[in-house]
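# Close look at the chain arrangement
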Amino acid sequence: MCLILFAYRHHADFPLVVAANRDEFYARPTRNLHFWDESPGLLAGRDLREGGTWMGVTRSGRFAAVTNYREAGGVLNAPRSRGELAAAFLHARTAPEAYLRGVAANASHYGGFNLLIGSGGNLWYFSNRDPAGTPRRLEPGLYGLSNHLLDTPWPKVESGKTELARALDEGVTHGRLLEILRNRARAGDSDLPRTGVSRRLERLLSSRFIRSPFYGTRASTALCVDGGNNVAVTEQVFGRMGLPRGRQVFRFSLPGEAGWTA
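Computed from a predicted structure; not experimentally measured.

### With respect to the packing of aromatic side chains
Scanning the model with the defined rule gives 10 aromatic pairs in all. Seen from their ring centres, Phe 6 and Tyr 143 are 5.1 Å apart, and the 15 degrees between their planes marks the pair as stacked. Pair noted here: Phe 6 is in strand E1 (residues 3–8) and Tyr 143 is in strand E10 (residues 141–145), with a separation of 137 residues, a long-range link. For Phe 6, a relative accessible area of 0% translates into the label buried. On the basis of relative accessible area, Tyr 143 is assigned to the buried category, the value being 7%. With 5.9 Å between their ring centres and 55 degrees between their planes, Phe 113 and Phe 126 make a pair best called tilted. Here Phe 113 is found in strand E7 (residues 113–119), whereas its partner Phe 126 is found in strand E8 (residues 122–127), with 13 residues between them in sequence. Neither residue differs from the other here; Phe 113 and Phe 126 are each classed as buried. Here the aromatic residues Phe 25, Phe 214 and Tyr 215 are joined through ring pairs into a cluster of three or more. For the cation-ring pair, Arg 46 lies above Trp 36, with the distance from its terminal atom to the ring centre recorded as 3.8 Å.

### Concerning the pattern of salt bridges
Summed over the entire model, instances satisfying the criterion amount to 12 salt bridges. Arg 70 serves as the salt-bridge partner of Glu 202, at 2.8 Å between the closest nitrogen and oxygen. Of this pair, Glu 202 sits in helix H5 (residues 199–205) while Arg 70 sits in the loop between strand E6 (63–68) and helix H1 (83–91); the two residues are 132 residues apart in sequence, bridging distant segments of the chain. A single burial state applies to Glu 202 and to Arg 70, both of which are buried. The salt bridge partner of Glu 84 is Arg 80, with a shortest N-O separation of 2.7 Å. Among the residues examined, Arg 80 registers a relative accessible area of 38% and is labelled partly exposed. Among the charged side chains, a salt-bridge network with shared partners connects Asp 151, Glu 158 and Lys 161.

### Points about empty space enclosed by the protein
Gaps between atoms show up when a probe of the same size as a water molecule is rolled over them. All chains considered together, the criterion is met by three cavities of 30 Å³ or more. Within this model, the largest cavity holds a volume of roughly 60 Å³. Lining the largest cavity we find Leu 33, Leu 43, Gly 45, Trp 54, Met 55, Gly 56, Val 57, Thr 221, Leu 223, Val 233 and Glu 235. Of all the secondary structure elements, the ones that give two or more residues to the lining of the largest cavity are strand E4 (39–47), strand E5 (55–58), strand E11 (215–225) and strand E12 (230–238). Among the elements that take part in the lining of the largest cavity, E5 stands out by supplying three residues, more than any other.

Reading guide: rules and limits
Residues numbered from 1 in each chain as written. Predicted model: local features only at pLDDT ≥ 70, side-chain atom pairs only at ≥ 80, totals over all residues. Heavy atoms only, no water. Phe/Tyr/Trp six-rings, centres within 6.5 Å; stacked < 30°, edge-to-face > 60°. Helix = DSSP H or I, 4+ residues; strand = E, 2+ residues; numbered from the N terminus. Buried < 20%, exposed > 50% of the residue type's maximum accessible area, 1.4 Å probe, protein only. Lys NZ or Arg CZ within 6 Å of the ring centre and 35° of its normal. Salt bridge = Lys/Arg side-chain N within 4 Å of Asp/Glu carboxyl O. 1 Å grid on protein atoms, 1.4 Å probe; cavity = no way out; pocket = protein on both sides within 12 Å on 5 of 7 lines; lining within 4 Å. Points joined across faces, edges and corners; volume = space filled by probe spheres on them.

Right, here's the structure in full:
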């Protein structure tokens, strides 16, 4: 993913609400959201080049999402795909903290990343570009993550969090979450971050929804877990220049011991 807006135990009726955009080159082969053949309880999209995923959830209550950390030349010497970090957690049974400590020990094998994982009602975060260098258990709250560290106040992160908070107050629906993700407004030049890429590219990447002939938002995903441990996931897929290419919805219930309720 390249933008993840999420509320963790912030809403009385929904312990987890996620609105996320996956931005990628259109030429990169992808399979849309599905239950994986070799792991029928794992629901995620799949990168067909490296085999990993950008975001997924399982019938046992595990959740994972990853974003790249934007930096000039950041992946040139990275031998392993960041998408495997999310996929491996979804396949595993390891507790989030233990898993992230293992990731931290091998963090130099990957380009810059942010990894968000959770199970059993606990949500954890780790980045191999975070000066703290250790996994962090998140407190209940409303968060935003793009291609820098968690809650870095980039314009699309801050405005997205504001709109997510309003949606949580007025009524949580997947339609509203997807609408938040469709915003195409770009930041002004004075508000653009400096990540080592060109100013022209920073402008393109500054909107929540990105479109161009070669790179853009390829999927928007809304995920909600309610107080009854019912999971609902909607994925809207897009083609070049943001043209809609279909939508699908998945629903299932988690076992009580695997739920997200407090």
